[in-house]
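Observations on the three-dimensional arrangement
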Amino acid sequence: MFSGCCGCCSALRPRYKRLVDNIFPVIPQDGLVKSNMEKLTFYSLSSPEKLDRIGEYLFQKAARDIYRKRYGFVIIAMEAMDQLLVACHAQTLNLFVESFLKMVQKLLESTEPQLQILATQSFVRFANIEEDTPSYHRRYDFFVSKFSAMCHSNEHGEVRDKIRVAGIRGLQAVVRKTVSDDLVENIWEPVHMDKIVPSLLFNMQESGFHMKETGNIEEAPEDQVDPPMLAETCMRELVGRASFGHIRAVLRPVLRHFDLHKLWVPNQFAIHVFRIIMFSIQAQYSYTVVESLMAHLDENSKSSPTIRTSIADVLSKIIAIAAGESVGPSVLEIINSLLSHLRDSVRNGLSQTDEKQYQEALINALGEFANHLPDYQKIEIMMFIMSKIPFPLVDNNTPADNLLQSILLKSLLKVGTKYQTIHLNTTFPVSFLEPLLRMSLAPDPDMRLLVQKILHTLIDRHNNLEKLSKPTVNVHELELTMEKSSRPDLIFINKHGPVIYDALYTSLQMDTNGVENIEAIYTTLALLCVELASNETIIDLLQLVLGIQNLALTNNDLSNAQKFNLHAVVASLLTLIPIVLNIKPLADYAAKIGKARKHEAPHLLPDLLVHYPANSESANKLPHLLVDQMAICEFVKAGGLDPTRLAQTSPYGAGGPGAVAGNHRHSWVESGARGSIMELPGGQDVDSVSSSPGVQRIIIKEKPPRTSEWHCEVNRHQSWDALFKFPVPRTSSDRSITSRILRRTNNKLPEEELTFESMKKVLTEPPEARKEAEAERREQLSHTFRTATFSELLHRTQPKHDILQNKLNEIFKSLSTTEANRSPIDREKKSNIPVYEQNFPEL
Amino acid sequence: MEDFKFLFKVVLVGNAGVGKTCLVRRFTQGLFPPGQGATIGVDFMIKTVEVDNEKVKLQIWDTAGQERFRSITQSYYRSAHALILVYDISCQPTFDCLPDWLREIEEYASSKVLRVLVGNKIDREDREIPTVVGEDFAARHNMYFLETSAKEAENVERLFMKIAEDLMQQARSKDLPRYDSNTTNISGRTSAVSDNSCCSKLA
Ligand SMILES: Nc1nc2c(ncn2[C@@H]2O[C@H](COP(=O)(O)OP(=O)(O)O)[C@@H](O)[C@H]2O)c(=O)[nH]1
Ligand SMILES: [Mg+2]
């Protein structure tokens, strides 16, 4: 257009053009003519209105020089523009910037690497200056496209890395320039992010660190920034600047990139990148990353288990970082999502080892997550997991259900191991303890074992678990760590001991128990003893020990080996208890028995075996080797404790299996009793009872089921028997079922105990007749439990509130009509009806 | 010098090895590159041509055919005015993949995009795809069709010139998707054409 080389007419040319022309040397190697550049700068500053024309003119010259491949002059033009850009004030730059960016683009369009790199440098410089008024019309499309392409440069030699570095720097500059103001250009739009993110990742993955096996990565010169490093820095910056609404825009192409580049297996790089993301992301959003990864697992549900395992593994590697920031609902959401992935996995592939690994990876992720949550949330999580476990029933479970149960129990165990119990009552809220104990009677021995292991890790506070893992009579060698039980501990065991013992005892009756099962139950008992034994509760423990012995002597279902196992457990516990409580006479007695057995019947001592020698004699024929109730009473007394309760009938009477279950049923309404000595256990039980004075009276005046005081102290409705009358949570169920169980448990008024028939019987029948009927019903119930399908059971146990209400009214009506014949106690009941009704509106 | 009147973005797609890079090099640099490596990600070239005495600048984005770069390459479809889908006439599988490519284009590119099917390497003796088969496919999918040889420089110039002419005509009738409007989403709706003043806004 303008020749610019015509010396004669130069005088006629505008001043700014002459000034621009003069900055160029004759030969480009001489570089920018500095003194003339100063003049040009001065002119631009004093006549800012000329700046845009200067810019345009410089651009035109450079464009021409590019065309003629006179790159030396192009470089000088660019340098001059750089200097003007920096020197001039913001408010005058606006139009100049347009020429400046046109120039940069022009250089970037050239195939000459040198010019591309130069252009990038200028662009970076530009990105760093603050513009007075943002140009809303300006678009960075081309720059993002071109810099991304440069990030993938495939030039030969070291030019390649230089161009890649320039590309990354350019992207970094675009992001910096635009990120603060979405109106300028929304850099978070997919059209940009889908270029920027893969470009950065592509360079990061070129780094050698995660593919060490190739081994031949050349060392980059010290002074040179290598693309992977720079890309990583840029990635951190990008992620760090992302606000909540933009996180997904970054994560989506990341996940896509890993899919397409097959970077999940092996997953070192994925772990590396996700760590970077987690550490750069604004902490409050880190949960989103976890969420996205889990959603990606969903999308990969059809992918090979290896890929899913790898993704889950990445999840487990980063989930801990999110745990610290996760609150309330998001925690449960994460857990819930992990659990549903587990469930899906169980549904889809039952036995493949790959699928198992995937499940392991998910469980690990769960554990990792839980590990970094505060303890109170761990309890919540454990309860939550518990609520997701389908309740096992004989014959009814599909293999998938069984697998799911055991996998969820494993997850529970994992979380449990990360949890440090301080107070047992905090660790075991009723709503957690009850289903756990229920599960401890699952038909599948492996499942029962898992439950015991969960109990172990949660009960053991003093690291005695290892030492008590197997029954032994050499307790002194164990060097147990012990601490005096605290008051909350005592309250806990007073309140829940009977239920727990009941469950453990019932669990010992299972004829499918292997040695491991029996050992595990021993461990639970031993831990309970070490953690919680006190002079007040020792009688309960001893009663249980005697009960177990009795079981071994009278049960018809257990094998001989199982019976020997039980005797060995008895001997071990009998040895442990007096040592823990320091009751010398009893310890001596235990030692004596141990010694005698060692001589005559080593099969009644640990170790527990699967097969015993054929000539092992039944314990029934060796009465002198058995633990004698009277003797124990005596030694307990000698130890300064009151054995009265022990002398009375054991709750684990000679009834055999099923006898315990249901022992306490309805007995609370037996009439004419010493009920007055009964203490109600503390906590919510008192609450619920006191909220219904009518019921309270009934309870207090009732006769205890047996003559034993043991029973009086038990809240009988919490007995094992009572537990499995409740509907149980199933996999798909929501937590409302659980909460219903909880509520009903608290109210201590399960419908079965309040049916009209039972009430009427209680009130009219002679005690003996009712006892028989009860035994029969127990038998039935036990049968039902073992044979009914889950839905049947659920149906049976559905609350029948309105029916119940009617029946109650009937009962109370009948009571009032016969009031005259009744004792003052009964009259008192009646007078309390309205209050009762008032206080149980939900009935 | 920067006096072009129109700026068009052209994107080349198709399986790896069909000759996309060679076509671009032949057109922009007038050479048939000896044994360059496979394209990684995206490559960029520019060429200004003259149509009806008007300067038309073609921004050519040459994409990698490999699957693993699909996410980045797709992100370039969106702003394309023309898409050149290339197969190798001596390699049946590259032709068989065309429906897959069309699906991608369907999904990621503007519906208004000018689509051209190119059967490359016609200099080769071992042709597997007869011209009519290519023609037929193009007709069925509403595409322009051309057979080329990057090696022998056959039809290469014509290919890009045809695209430039066609796009210019579209532009004149204002029926061109506009990418440098103030909104970044591509509606594909008819809108004002990019002329020099528009393109200078760093489209
Ligand atoms: N005979 C012949 N070979 C070609 C032609 N075009 C490309 N090639 C060869 O095909 C191979 C792949 O070319 P390239 O342009 O890299 O393919 P791209 O992956 O589609 O970019 C190279 O070896 C080229 O030499 C052509 O027109 N004729
Ligand atoms: Mg290529």
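Residues numbered from 1 in each chain as written. Chains lettered and ligands numbered in written order. Predicted model: local features only at pLDDT ≥ 70, side-chain atom pairs only at ≥ 80, totals over all residues. Heavy atoms only, no water.

Definition in use: UniProt positions are given in the numbering used here, feature names are shortened, and annotations may be inferred rather than shown by experiment.
If you check an unreviewed UniProt entry, chain B appears there as Ras-related protein Rab-30 from Ignelater luminosus. Taken from UniProt, the Catalytic activity (unreviewed entry) comment for chain B reads in full: "GTP + H2O = GDP + phosphate + H(+)". Comment text from UniProt for chain B, heading Sequence similarities (unreviewed entry), reads "Belongs to the small GTPase superfamily. Rab family."

The name that an unreviewed UniProt entry assigns to chain A is Protein EFR3 homolog cmp44E, with the source organism given as Ignelater luminosus. Under the UniProt heading Sequence similarities (unreviewed entry), the entry covering chain A gives this text: "Belongs to the EFR3 family."

**Digging into the overall build of chain A**
Here is the rule we go by: Only DSSP runs of H or I reaching four residues or more are called helices, and only runs of E reaching two or more are called strands; each is numbered from the N terminus. When a residue's accessible area, from a 1.4 Å probe over protein chains only, is under 20% of the maximum for its type it is buried; when over 50% it is exposed; and in between it is partly exposed. In what follows, a contact means two residues having at least one pair of non-hydrogen atoms within 4.5 Å. Only the protein chains shown count as cover for residues, with accessible areas throughout obtained via the Shrake-Rupley method and a probe of 1.4 Å.
Across its full length, chain A carries 39 helices and zero strands. The 843 residues of chain A split such that 57% are buried. Taking all contacts inside chain A whose residues are at least 6 apart in sequence as the whole, residues at least 24 apart take part in 77%. Carbon together with sulfur atoms contributes 52% to the accessible area of chain A, which is approximately 35,200 Å² in total.

**With respect to the packing of helix H6 (residues 113-128) of chain A against helix H8 (residues 159-179) of chain A**
All names here are of chain A. Under the convention used in this document: The convention used is that axes are lines fitted to C-alpha atoms, helices contributing only their stretch in contact, and that angles between N-to-C directions extend from 0 to 180 degrees. Here the word oblique covers every angle except those under 35 degrees (roughly parallel), over 145 (roughly antiparallel) and from 65 to 115 (roughly perpendicular). Less than a right angle of anticlockwise turn of the near helix away from the far helix marks a crossing as left-handed, whereas a clockwise turn marks it as right-handed.
Viewed as axis vectors pointing N to C, H6 and H8 meet at an angle of 25°, and their least axial separation amounts to 9 Å. By the criterion of interaxial angle, the relationship of H6 to H8 is roughly parallel. For the pair H6 and H8, the crossing hand works out as left-handed. Contacts between H6 and H8 pair Pro113, Gln116, Ile117, Thr120, Phe123, Val124, Phe126, Ala127 and Asn128 from the former with Val159, Lys162, Ile163, Ala166, Arg169, Gly170, Ala173, Val174, Arg176 and Lys177 from the latter.

**A look at the environment of Val636 of chain A**
Residue and element names in this part refer to chain A. By the element assignment, Val636 lies in helix H27 (residues 629-638). Look at Val636 and you get buried, because its relative accessible area is 0%. Expressed as a C-alpha distance, the spacing of Val636 and Leu586, which sit 50 residues apart in the sequence, is 6.4 Å. The contact partners of Val636, leaving out residues within four places of it in the chain, are Ile539, Leu542, Leu586, Leu641, Pro643 and Leu646.

**Side note on helix H1 (residues 20-29) of chain B**
Residue and element names in this part refer to chain B. Of all 10 residues in H1, nine are buried, a share of seventy percent or more. Those residues of H1 not exposed but buried are Lys20, Thr21, Cys22, Leu23, Val24, Arg25, Arg26, Phe27 and Thr28. Where the residues of H1 are buried, they touch strand E1 (6-13), strand E2 (42-51), strand E3 (54-63), strand E4 (82-88), strand E5 (114-120) and helix H6 (156-172). Just downstream of H1, Gly30 is the residue with a positive phi angle, here 70°.

**What to know about the confidence of the model for chain B**
Residues and elements named next belong to chain B. What counts is decided by this rule: A residue's pLDDT is the predictor's confidence in that residue, given on a scale from 0 to 100.
When pLDDT is averaged along chain B, the result is 85, and 84% of the positions lie at 70 or above. The spread of mean pLDDT over the elements of chain B runs between helix H7 (residues 196-199), the lowest at 34, and E4, the highest at 97. In this model, residues 180-203 is a region of pLDDT below 50 whose contacts with residues beyond four sequence positions or in other chains number 61 contacts. Across the assembled chains, the prediction reports ipTM 0.85 with pTM 0.70.

**Some words on the coordination of the magnesium ion (ligand 2)**
Six octahedral donors around a metal ideally sit at 90 or 180 degrees from one another, while four tetrahedral donors ideally sit at 109.5 degrees. All names here are of chain B. Put simply, the rule is: Listed donor atoms are N, O and S within 2.8 Å of the metal (Na, K and Ca: 3.2 Å). As water is not included, a site may look incomplete.
Taken together, Thr21 (OG1) and Thr39 (OG1) make up the protein donors of the magnesium ion (ligand 2), found 2.0 Å from the metal. Pair noted here: Thr21 is in helix H1 and Thr39 is in the loop between H1 and E2, with a separation of 18 residues, a long-range link. Classification of Thr21 as buried rests on a relative accessible area of 10%.

**So, the site of ligand 1**
Residues and elements named next belong to chain B. Note the following rule: One heavy atom within 4 Å of a molecule or strand is enough for the residue carrying it to be called near that molecule or strand. Whenever a nitrogen or oxygen atom comes within 3.5 Å of another N or O atom, the pair is scored as a polar contact, on the condition that within protein one atom can donate a hydrogen and the other can accept it, and that pairs from neighbouring residues in sequence are kept only if both atoms are in side chains.
Residues in contact with ligand 1 amount to 17 residues; listed here are only the nearest, Gly17, Lys20, Thr21, Asp123 and Ala150. Contact between ligand 1 and Gly17: an oxygen atom at 2.7 Å from a main-chain N or O atom of the residue. Between a nitrogen atom of ligand 1 and a side-chain N or O atom of Asn120, the distance comes to 3.2 Å. For ligand 1, whose unbound accessible area comes to 580 Å², protein coverage reaches 81%.

**Considerations on the packing of aromatic side chains**
Stated formally: Centres within 6.5 Å are what make two rings of Phe, Tyr or Trp a pair, Trp counting through its six-membered ring; a difference in plane orientation under 30 degrees is then read as stacked, over 60 as edge-to-face, and the rest as tilted. The rule for a charge over a ring is simple: NZ of Lys or CZ of Arg within 6 Å of the ring centre, and within 35 degrees of the ring normal.
Considering all chains together, one arrives at 30 aromatic pairs over all chains under this definition. Ring centres of Phe96 of chain A and Phe100 of chain A lie 6.4 Å apart, and the angle between their planes is 45°; on these two criteria the pair is classed as tilted. In this pair, Phe96 of chain A and Phe100 of chain A are both assigned in helix H5 (residues 90-109), four residues apart and thus about one turn of the helix distant. Residues Phe96 of chain A and Phe100 of chain A agree in their burial class; the two are buried. With a centroid separation of 5.9 Å and 40° between ring planes, the pair formed by Phe258 of chain A and Phe274 of chain A is classed as tilted. You can see Phe258 of chain A sitting in helix H11 (residues 244-260) and its partner Phe274 of chain A sitting in helix H12 (residues 268-280), a full 16 residues away along the chain. Take Phe258 of chain A: its relative accessible area is 0%, and that puts it in the buried class. Among the aromatic residues, ring-to-ring pairing joins Phe96, Phe100, Phe123, Phe126, Tyr140, Phe142, Phe143 and Phe147 of chain A together with Phe44, Trp61 and Tyr76 of chain B into one connected group. The ring centre of Phe126 of chain A lies 4.6 Å from the NZ or CZ of Lys177 of chain A, which sits over that ring. Here the basic side chain of Lys47 of chain B rests over the ring of Phe27 of chain B, its NZ or CZ set 5.1 Å away from the ring centre.

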